[in-house]
Amino acid sequence: MNKYDKILNRFTGDDTDPAWCEKPFKHGDSIIATDRYILIRIDAAKCEGEYSTHPNQPETIDKLFPTPNCNLVMNVHEIAKKINAVEEEITIPVSGEDAKCPECGGRGTVEWQYESNDGIRYGDFDCPECNGRGHVTHKTLTREQRNININGYDFNIGIIMEIAESIYQLGHHTANVVALHDYKQMMISVEPGVDIIAMPNQLGKPATSITLKPSEK
């Protein structure tokens, strides 16, 4: 397994995702991996692993890659500096739909196990997070749950961290953002034959921002 195979496996989904996301798969002359928030495409010739197609993988996956419209330099060290300056955790007031309790989903009750004389049984109890109200007044957000604004467009910090670390692990200090559209995916060209797209995130105000400058090449 070389560095490209390792990066592919970094972006696979878990058991809550469709089965075709669970491991990298072959698509034309490329190997694709995605967790539905990040998608990476690597030329098959760069990889050492054996990959096959999945019967349920999308046939039109190439359409997810946006049309290039820019050429901006992303420096992973500058991105990391901006992200590391964001507080590790904050608590914010919430209302409306945002106030729905994340533990019980607004139901006010949770299913607990308890030990009875007859053995283990289940029961519904007041949610310990919201005390049975179904809503909360404040939520705690980690750094990774917040947003970073990149040239006017918002993306999840956790996603950008994953991408920046992967760029570095592939041996690069910079990569080129080649597509940046409103409400659409950002596409990053790491090197010839390696592209990454990241889904935007319009929920919540950005915790930090960075302006990428055009490549001089």
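Just so it is clear, the model here is predicted, and its values are computed rather than measured.

A.B. asks: Help me get a handle on the nonpolar core, residues and values and all.
C.D. replies: Judged by nonpolar contacts, the single largest core of 39 residues is most densely connected at Ile40, Met74, Ile150, Met186 and Ile188. Top element by residues in this core is helix α3 (residues 157-169). It accounts for 7 residues. Apart from the residues lying within four places of it in its own chain, the contact partners of methionine 186 are Met74, Ile150, Phe155, Ile160, Val177, Ala179, Leu180, Ile196, Ile197 and Ala198. Within the second largest apolar cluster, 11 residues are counted, among which are Ile32, Leu39, Ile61 and Ala179.

A.B. asks: Before we move on, could you go through the environment of asparagine 149 and cite the residues and values that matter?
C.D. replies: The residue asparagine 149 is located in strand β9 (residues 147-150) in this model. Given the relative accessible area of 16%, asparagine 149 is considered buried. Note: C-alpha distance between asparagine 149 and lysine 46 (103 residues apart in sequence) is 32 Å. Those residues in contact with asparagine 149 that sit more than four places away from it in its chain are Asp154, Pro206, Thr208, Ser209 and Ile210.

A.B. asks: Could you give me a rundown of the pattern of salt bridges, with the residues and numbers involved?
C.D. replies: Per the stated rule, a full pass over the model turns up 8 salt bridges. Between lysine 100 and glutamate 97 there is a salt bridge whose closest N-O contact spans 3.0 Å. Overall, lysine 100 belongs to the partly exposed group, its relative accessible area being 38%. Through salt bridges with shared partners, a single network forms among Arg10, Glu162 and Glu165.

A.B. asks: So what about the sheet that holds β9? Which residues, and what values?
C.D. replies: Where strands meet in a sheet, backbone hydrogen bonds hold them as pairs that are either parallel or antiparallel. Spatially, the 3 strands line up as an open sheet ordered β10-β9-β14, and their pairing is mixed. In this open sheet, the two strands that pair with only one neighbour each are β10 (153-156) and β14 (206-210). Shown here is a sheet whose adjacent strand axes are inclined to one another by a mean of 30°, direction ignored. Inspection of the sheet shows β9 paired to β10 by 4 bridges, in the antiparallel sense. Following the sheet pairing, isoleucine 150 is matched in β10 by tyrosine 153. Packing of helix α2 (residues 76-84) onto the sheet brings it into contact with β9 and β14, and relative to β14 it is tilted by some 155°.

A.B. asks: Please provide a residue-by-residue account of the sheet that holds strand β4 (residues 72-75), values included.
C.D. replies: The strand order across the open sheet formed by 7 strands is β1-β2-β3-β13-β12-β11-β4, and the pairing between neighbours is antiparallel. Edge positions in the sheet fall to β1 (25-27) and β4, since each of these pairs with one other strand and no more. Direction aside, the axes of adjacent strands within the sheet are offset by 30° on average. Looking at chain direction, β1 and strand β2 (residues 30-34) are connected through 3 bridges and run antiparallel. Bridged to lysine 26 within β2 is isoleucine 31. Across the sheet, helix α1 (residues 3-10) lies against β2, β3 (38-43), β12 (186-191) and β13 (194-198), angled at about 155° from β3, the strand it touches most.

A.B. asks: Tell me about α2, residues and numbers included.
C.D. replies: Burial in α2 covers these residues: Val76, Ile79 and Ile83. Along the axis of α2, the buried positions cluster into a sector of 60°, meaning they face one direction only. Of the exposed residues in α2, the ones pointing more than 90 degrees away from its buried face are Lys81 and Asn84. Looking at the buried positions of α2, the neighbouring elements they touch are β4, β9, α3 and β14.

Conventions and cut-offs
- Residues numbered from 1 in each chain as written.
- Predicted model: local features only at pLDDT ≥ 70, side-chain atom pairs only at ≥ 80, totals over all residues.
- Heavy atoms only, no water.
- Core = buried A, V, L, I, M, F, W, Y, C linked by side-chain atoms within 4.5 Å.
- Buried < 20%, exposed > 50% of the residue type's maximum accessible area, 1.4 Å probe, protein only.
- Helix = DSSP H or I, 4+ residues; strand = E, 2+ residues; numbered from the N terminus.
- Contact = heavy atoms within 4.5 Å.
- Salt bridge = Lys/Arg side-chain N within 4 Å of Asp/Glu carboxyl O.
- Pairing = 2+ DSSP bridges.
- Axes fitted to C-alpha atoms, helices over the stretch in contact; angles between N-to-C directions.
- Arc of directions from axis to C-beta.

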